[in-house]
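Letter by letter, the chains look like this.
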Amino acid sequence: MSAMDQTAAAILAAVPCHPVPPLGSSPAIDALRDASAGHGLAIGRDGVMLILRRPWLEVDALIAPPLAAHVPYGDVGGSRATLRCGVIPRECLDWIVASFVEALPDEAAALVIWNERDRRFTVEFPEIDEATPSRLVYRPPVLGPDRHLVLDAHSHGRGAAFFSGTDDADDVHATKIALVVGRLGHPDGPVMASRLCAGGMFLPLPRSPFAGDPDA
Ligand SMILES: [Zn+2]
């Protein structure tokens, strides 16, 4: 094999693509689903499934419609997202919102880190390069092998909670839950927007990632 062939083979091996057998799964697809980390594709007659895994997360996301051509494949099934780490303790959210109120009128940021070894969550505050009421620049955390960024939260101060173009650009390469908190300090309380960033996509969260929420 030439060096270029070897590079191409390594790239393809890193993101494998497997057809779904007519009935059920295959060892290769099971290995993708059971992996601690990685991603790949399963192709069925009902569509193409991105199977993405992190120690804290399982995502199966349909990324293409059913195949128009007749193929002898089985079904990939429905999209789903599961937190392997479990829901985030309610106190983490309370602490994050309190710290954002304290930072008013400036925007602020906070991170929820999950330790794979002791399965504990911690709230940490990133290094801030610049914070104003309308602009925030902070550095992604440097994490050891057992520590995983689960949730990346930032505030929009007293403004609305939505994902801006800057937020989209920041989040597109990440695998994390992103949370924006706005309307801080308002008598009616804060408002929030959240999404799951995975595979270069922004996916709606099927339910709240926080313990104690009615839909958690
Ligand atoms: Zn933002």
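Refer to the structure above for everything that follows.
Residues numbered from 1 in each chain as written. Predicted model: local features only at pLDDT ≥ 70, side-chain atom pairs only at ≥ 80, totals over all residues. Heavy atoms only, no water.

S.K.: Can you walk me through the coordination of the zinc ion in this structure?
M.R.: A four-donor tetrahedral metal ideally has 109.5 degree angles, and a six-donor octahedral metal ideally has angles of 90 or 180 degrees. Each protein donor to the zinc ion is listed here as His154 (NE2), His156 (NE2), Asp167 (OD) and Asp167 (OD); together their distances run 2.0 to 2.6 Å. For the zinc ion, the four donor atoms in the first shell make angles of 54 to 169° at the metal, so the coordination geometry reads as irregular. Taken in sequence order, the residues that donate to the zinc ion follow the motif H-x1-H-x10-D. (Donors = N, O, S within 2.8 Å, 3.2 Å for Na, K, Ca; no water. Tetrahedral: all angles 85-135°; square planar, octahedral: opposite > 155°, others 65-115°.)

S.K.: In this structure, what is going on with the state of the cysteines? I would like to understand it.
M.R.: Among covalent bonds in proteins, the disulfide is the one between the sulfur atoms of two cysteines. Using the criterion set out here, one finds zero disulfides in the structure. Not part of a disulfide, cysteine 85 finds its nearest cysteine sulfur in cysteine 92, a span of 10 Å. Cysteine 197 takes part in no disulfide bond, and the closest cysteine sulfur, belonging to cysteine 85, lies 15 Å away. By relative accessible area, which is 0% here, cysteine 197 ends up buried. (Disulfide = S-S within 2.5 Å. Buried < 20%, exposed > 50% of the residue type's maximum accessible area, 1.4 Å probe, protein only.)

S.K.: Teacher, can you tell me more about the side chain of histidine 148 here?
M.R.: Relative to the helices and strands, histidine 148 resides in strand E10 (residues 147-155). Note on histidine 148: relative accessible area 13%, which makes it buried. At 2.8 Å, the side chain of histidine 148 forms a polar contact with the side chain of glutamate 116. Ignoring any residue separated from it by four or fewer positions in sequence, one finds histidine 148 in contact with Pro55, Trp56, Val112, Ile113, Trp114, Glu116 and Leu143. (Helix = DSSP H or I, 4+ residues; strand = E, 2+ residues; numbered from the N terminus. Polar contact = N/O pair within 3.5 Å; in protein donor to acceptor, adjacent residues only side chain to side chain. Contact = heavy atoms within 4.5 Å.)

S.K.: Is there a simple way to think about unusual backbone geometry in this case?
M.R.: Negative phi is the rule for most residues except glycine; trans is the rule for most peptide bonds. The linkage connecting leucine 104 with the following residue, proline 105, adopts the cis geometry, with an omega of 10°. Residue position: proline 105 is located in the loop between helix H3 (90-103) and strand E6 (109-115). One non-glycine residue with positive phi stands out, namely arginine 119, at about 55°. Exposure remark for arginine 119: the relative accessible area of 48% places this residue in the partly exposed category. Phi at arginine 183 is positive, roughly 55°, even though this residue is not glycine. Considering the arrangement of structural elements, one finds arginine 183 in the loop between strand E11 (176-182) and strand E12 (191-198). The class for arginine 183 is partly exposed, based on a relative accessible area of 27%.

S.K.: How should the pairing of E6 be read in this particular structure?
M.R.: Side-chain direction in a regular strand flips from residue to residue, so the side chains alternate between the two faces of the sheet. Among the seven residues in E6, seven count as buried, and that is most of the element. Of the two faces of E6, the one holding Ala109, Leu111, Ile113 and Asn115 and the one holding Ala110, Val112 and Trp114 are both buried throughout. Two strands pair when backbone bridges link them, and E6 and E10 are joined in this way by seven bridges, in the antiparallel orientation. If you follow alanine 109 over to E10, its bridge partner there is histidine 154. Pairing of E6 with strand E7 (residues 120-124), which is carried by five bridges, proceeds in the antiparallel orientation. From the neighbouring strand, asparagine 115 faces E7, where its bridge partner is arginine 120. Where E6 folds back on E7, the antiparallel hairpin that results is connected by four residues, among which arginine 119 adopts a positive phi of roughly 55°. (Pairing = 2+ DSSP bridges.)

S.K.: Help me out: how do you make sense of the sheet that holds E11 in this one?
M.R.: The pairing of strands in a sheet happens through backbone hydrogen bonds and is either parallel or antiparallel. Taken in spatial order, the six strands make up an open sheet running E7-E6-E10-E11-E12-E13, and their pairing is mixed. At either end of the open sheet lies a strand with only one pairing partner, and these are E7 and strand E13 (201-203). Each neighbouring strand pair of the sheet contributes to a mean axis angle of 25°, computed without reference to strand direction. (Axes fitted to C-alpha atoms, helices over the stretch in contact; angles between N-to-C directions.)

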